[in-house]
Amino acid sequence: MREILGRRRRLRLRRKEGAARLDAALTFATAWQWPVLPGAGTAPAALRDGRGLGCACPDPDCAVPGAHPFEPGLLAATTDERMVRWWWTNRPAAPVMLATGGRAPCAVSLPALAGARALVALDRMGLRLGPVVATPTRWSLLVAPYTLERLGELLYSKDWVPSSLRFHGEGGYLVLPPSEIGTGQVRWERPPAPPAAVPSPPVFRRAPKGGGAPEAAPWLPDVEAVLDALVAASTSAPDGGSRLAY
């Protein structure tokens, strides 16, 4: 009897989590016009370090287990409500992936410890931050869209940029909450700011299907405003460098 009740509780929990991912994906895509697609997801196989889950993709040494597009590929990212509903109705456990760049947000990610230090430094500077995504191993600051040319100019002016700092721009991707990936849960360290909380004029999107007032997309800082603090925090963090683990 206890086993039956336990299975029922787990089933209810999975359904609740699946509904939360669908709701989040619909908000990103239809209200904020952020193109999304499902990620590869996880598999029971353990990671090489003995912790977490493996990736559902065919690569046994996947560096970002569960946290990357696979089928469909990144080019399938969309803001179409019907497609988003179909994806997460059929794959409710799939992580929510954001296709970065273009008109969508970009991001800068760094090791979790460095991310915590960077947020403290930026708060002390009085800088307003946008959404911050946290996984057990890395934190990602969402920023306003930038071009590769602009990013190149900013990086060229730096004496050194640590390899643990990653830039998610045009042609990139980022996993969003409330997803589960190989290393654990994805959450908001800083949730998207309500439009009324920021002084900048909000950019309004189309009204959601069924009527109602249009919802403003979250405010995002410029990458230039946060880059120095992120470089400094990453330089002092004990991180191995080039292998990108989420």
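You'll find the structure just up there.
What you see is a predicted model, and the numbers here were worked out from it, not measured in a lab.

Scoring rules and cut-offs
Residues numbered from 1 in each chain as written. Predicted model: local features only at pLDDT ≥ 70, side-chain atom pairs only at ≥ 80, totals over all residues. Heavy atoms only, no water. Helix = DSSP H or I, 4+ residues; strand = E, 2+ residues; numbered from the N terminus. Buried < 20%, exposed > 50% of the residue type's maximum accessible area, 1.4 Å probe, protein only. Contact = heavy atoms within 4.5 Å. Pairing = 2+ DSSP bridges. Axes fitted to C-alpha atoms, helices over the stretch in contact; angles between N-to-C directions. Salt bridge = Lys/Arg side-chain N within 4 Å of Asp/Glu carboxyl O. Left-handed = near helix turned anticlockwise from the far one by under 90°. Nonpolar A, V, L, I, M, F, W, Y, C, P; charged D, E, K, R; others polar.

Trainee: Would you explain the overall build of the protein chain in this entry?
Mentor: When you go through the protein chain residue by residue, the secondary structure sums to five helices and twelve strands. Residue burial in the protein chain is summarised as follows: out of 246 residues, 43% are buried. A separation of at least 24 residues holds for 76% of the contacts in the protein chain among residues at least 6 apart in sequence.

Trainee: Could you clarify how one ought to interpret the sheet that holds strand β8 (residues 166-168) in this entry?
Mentor: Two orientations exist for strands paired in a sheet by backbone hydrogen bonds: parallel and antiparallel. Reading across from one edge, β8-β5-β7-β6-β12 is the order of the five strands in this open sheet, with antiparallel pairing throughout. For this open sheet the edge positions go to β8 and β12 (187-190), each flanked by a neighbour on one side alone. Pairs of neighbouring strands in the sheet enclose a mean axial angle of 30°, with direction left out of account. Across three bridges, strand β5 (residues 106-111) lies against β8 in antiparallel orientation. When the bridges of β8 are listed, Ser109 appears paired with Arg166. Running at roughly 115° to β5, helix α3 (residues 112-124) makes contact with β5, β6 (132-134), β7 (138-143) and β12 of the sheet. Packed onto the sheet, helix α5 (residues 223-235) meets β5, β7 and β8 and runs at close to 15° relative to β5.

Trainee: Hey, could you run me through the pattern of salt bridges in this one?
Mentor: Pairing is possible between side chains of opposite charge, provided their charged atoms come close. What the rule picks out here adds up to six salt bridges. Residue Arg150 is joined to Glu153 by a salt bridge in which the shortest nitrogen-to-oxygen separation is 3.2 Å. Within this pair, Arg150 and its partner Glu153 are both found in helix α4 (residues 148-156), separated by three residues, close to a single helical turn. Take Arg150: its relative accessible area is 33%, and that puts it in the partly exposed class. Between Arg150 and Glu224 there is a salt bridge, with its nearest N and O atoms 2.6 Å apart. One end of the pair, Arg150, is in helix α4; the other, Glu224, is in helix α5, and 74 residues separate them in sequence. For Glu224, a relative accessible area of 44% translates into the label partly exposed. One salt-bridge network, in which partners are shared between bridges, spans Arg150, Glu153 and Glu224.

Trainee: I would appreciate a short explanation of the packing of α4 against α5 in the present structure.
Mentor: Packed helix pairs are specified by the crossing angle of their axes together with the interaxial distance, meaning the distance between the axes. As a packed pair, α4 and α5 sit with axes 11 Å apart at the nearest point and diverge in direction by 35°. Where α4 crosses over α5, the handedness of that crossing is right-handed. For the pair formed by α4 and α5, the contact residues are Arg150, Leu154 and Leu155 on the first element and Val223, Glu224 and Leu227 on the second. Residues that form the contact of α4 with α5 fall into these classes: four nonpolar, no polar and two charged.

Trainee: How should the sheet that holds strand β1 (residues 36-38) be read in this particular structure?
Mentor: Taken in spatial order, the three strands line up as β1-β4-β9 in an open sheet, and their pairing is antiparallel. Looking at which strands have only one partner, the edges of the open sheet turn out to be β1 and β9 (172-176). With strand direction ignored, the average angle separating the axes of adjacent strands in the sheet is 35°. In this structure, β1 lies alongside strand β4 (residues 96-100), joined through three bridges in antiparallel fashion. Residue pairing in the sheet places Pro38 in a bridge with Val96 of β4. Across the sheet, helix α2 (residues 81-90) is in contact with β1 and β4; its angle to β1 comes to roughly 20°.

Such coordinate-based values are descriptive only and should not be taken to indicate function.
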